[in-house]
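# Summary of the model geometry
One letter stands for each residue in the lines below.
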Amino acid sequence: MYKNIKYVFNSSGWKVNEDLQKRTNNILSSIRKKRQAKEIPIFSIIDSDNDIEEIIKHSKFFTNNKLKNFVLIGTGGSSLGADSFIKANQYKYVNQDTGFHILDNLDPNSVSKILNSIEPTNSKFLAVSKSGKTTETIALLLIVINWLVSKKFKVEESIMVMCQEKHDEFQELIEIAKEYNLKIVQHEEIGGRFSALTSTGLLPATIMGLDPYSIRKTARKSLNNAFDNSKFIMKSSKFSGSLKLNNNLNCVISYGDALSPLVAWYKQLWNESLGKEAKGSFLLTGKGGLDQHSQLQMWLDGPNIGSYTFLKVNNNNGFKIPESKISPWLSGLSLGETLNIMAESTYDALKENGRAVRSISIPDISAESIASLMTIFTLEILVVAELLGVDPYTQDAVEAIKINTFKRLKKYEHNKKTT
C-alpha cells in the first residue's frame, strides 16, 4: 500500500513511546513468521488464489441466466465486506445492469421495500451465516422462501446458502437448505468479521461483475507492503495504551459515501475483536463533511479523549460548481475538490487543537482500494490485540446475547402454544 505514492499517510499528535515501538516491532516480526508458517488463516487465504476458481464456479449459479437483482441475505461480517466491494464498484460503474440489495435487518419496512421492488423471475438470493444459527439470516431466508413460493416459483433455482456445515451440530440454515433442496457452499473456517477477503466477500463481488483475482492480488500486495513499511501499524499501537492515555475513542471519519460500508466493516472488526476484559477503544464513525455540522464542536472543544482517523479520496471527480459572483470562492471547483478541502481544514483544526489525528488518502474509489485498506486494518487489529493481551477471534459477549435471544424466542414459542 505505502510503496504506491498515490497512497498518502499523515499524522499529528499520534505519539508512541520507545518501549511501545519496540514491542510493536517484535509483534510484527512474530506475525510475519506466523504468516510464513501459515498459522494465520486469513493471511494464508490472502496469500493464495487456490479458491478463486471455485468462487467463479459458484457465481455461475447466479449469472447463467439474465440476473436483474442480486439479494444478499446476511448480517454483520456476512455482508459488510461484500457491500464494501460492490458499493465501491458501483461508484465507478453507475449504470450496472444488475441491482444489488442486502437483507441484513429485521425491519419490516426495509424488507418490504426490497421484495416489492423485484421479481422472482430475474432475482436470486445468497444467504450467508458461518454458524448457520444467525437469527436474522434464518428469519429473512424463511421470508424470502415464502415469498418465492407465493409467487409459484422454484425455490431451489433462486437461492444458495453459504455456511460452515458441521455434522455434529444442529444448524437451522442447513436444515432449511436441505428441506428446500437449496445448493450449499462452504463458509471458510474464519470468523465472519475477518472473512471479507474470502469467498464470503468475493462470491457476491464476483456475482456483481468484479474480478476476484484482482481483489485478492491487491490485498496480498498491500499486506507485503505493510510489513515492509510499518509506519501506519506503528502508529496504530497507540491504541494499546488508550486507557492510560485517557484516549478511549477511535473516531473514523470518511469523506465519500462509497466508503461508508468499509467504515461499517471496520467498526465491527474493531469493536468485536478488541472490546474485551474492559480493554480497547470505542470505535465511532463520522461522515465528512456532514458530521462537521453535527459532531465537530465536540471533536474540537469537547474532552480530549479521542484519536481521529480521516479516510479520503485523492481525486477531483464530480460536478463542477458553476461560476457565481455571490460565491466566487466556490466557482470552478469540483465537488471532490471541495470535499477534500473540507477534510484538510478539519484535519488542521484538530491538529491545532492538540487532538491526535491521522489521515489516509487513497487514489480512487475501487474494490482494489477497499481491499488494500481492509488488509491494513486487519493487520492493525491483530497487532493491537496482541499489545492489549486479548484474543481478537472470540466474541463471548456477543454469543451471550445470541443465547439470550434464542431463549426468549423459545419462551415466546411456548407461550403461543399454550394460549
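Okay, so let's go over this structure. (Residues numbered from 1 in each chain as written. Predicted model: local features only at pLDDT ≥ 70, side-chain atom pairs only at ≥ 80, totals over all residues. Heavy atoms only, no water.)

## What to know about the overall build of the chain
Stated formally: Elements are defined by DSSP. Helices are runs of H or I of four residues or more, strands are runs of E of two residues or more, and each kind is numbered from the N terminus. Think of it in three bands: residues with accessible area under 20% of the maximum for their type are buried, residues over 50% are exposed, and the middle band is partly exposed, with areas taken using a 1.4 Å probe on protein chains only. Should any heavy atoms of two residues lie within 4.5 Å, those residues are counted as being in contact. Using a 1.4 Å probe, accessible areas were evaluated by the Shrake-Rupley method; residue-level cover was limited to the displayed protein chains.
Each helix and strand in the chain was counted, giving 16 helices and ten strands. The burial tally for the chain puts 52% of its 419 residues in the buried class. At a minimum sequence separation of 6, the contacts of the chain that also span at least 24 residues come to 79%. If you sum the accessible surface of the chain, you get close to 20500 Å²; carbon and sulfur atoms cover 51% of it.

## Let's talk about the sheet that holds strand 1 (residues 8–12)
Applicable threshold: One bridge is not enough; two strands pair if DSSP finds at least two bridges between them. Every angle, taken between N-to-C directions, lies between 0 and 180 degrees, and every axis is a line fitted to C-alpha atoms, over only the stretch in contact when it is a helix.
Strand order in the open sheet formed by five strands is 1-10-9-7-8, and the pairing between neighbours is mixed. Each end of this open sheet is capped by a strand with a single partner; those strands are strand 1 and strand 8 (282–288). Averaged over all neighbouring strand pairs, the angle between strand axes comes to 15 degrees, with direction disregarded. When strand 9 (residues 306–313) meets strand 10 (residues 356–362), the two strands line up parallel, connected through seven bridges. Across the sheet, residue Val-313 finds its bridge partner in strand 10, namely Ile-362. Its contacts with the sheet place helix 15 (residues 367–388) against strand 9 and strand 10, and it is angled at close to 145 degrees to strand 10.

## Digging into the sheet that holds strand 2 (residues 69–73)
Spatially, five strands are ordered 3-2-4-5-6 in an open sheet, and the strand pairing comes out parallel. Looking at which strands have only one partner, the edges of the open sheet turn out to be strand 3 (99–103) and strand 6 (183–186). Pairwise comparison of adjacent strand axes, ignoring direction, gives a mean angle of 20 degrees for this sheet. The sheet contact formed by strand 5 (residues 159–163) and strand 6 spans four bridges and is parallel. Directly across from Val-161, in strand 6, lies its bridge partner Ile-184. Lying on the sheet, helix 8 (residues 199–207) is in contact with strand 2, strand 4 (123–128), strand 5 and strand 6; it crosses strand 5 at an angle near 160 degrees.

## Examining the packing of helix 12 (residues 260–274) against helix 15
Operational definition: In these notes the angle categories are as follows: under 35 degrees is roughly parallel, over 145 is roughly antiparallel, 65 to 115 is roughly perpendicular, and the rest is oblique. Crossings are classed by handedness, with left-handed meaning an anticlockwise turn of the near helix from the far one by less than a right angle and right-handed meaning a clockwise turn. We call Asp, Glu, Lys and Arg charged. Ala, Val, Leu, Ile, Met, Phe, Trp, Tyr, Cys and Pro are nonpolar, and the rest, Gly among them, are polar.
Remark: helix 12 packs on helix 15, axes separated minimally by 10 Å, with the N-to-C direction vectors making an angle of 15 degrees. Considering the angle they form, helix 12 stands roughly parallel to helix 15. Handedness of the crossing formed by helix 12 with helix 15: right-handed. Where helix 12 approaches helix 15, its residues Leu-262, Trp-265, Tyr-266, Leu-269, Trp-270, Ser-273 and Leu-274 are matched on the opposing element by Ile-370, Leu-373, Met-374, Phe-377, Thr-378, Glu-380, Ile-381, Val-384, Ala-385 and Leu-388. The class makeup of the residues in the contact of helix 12 with helix 15 is 14 nonpolar, two polar and one charged.

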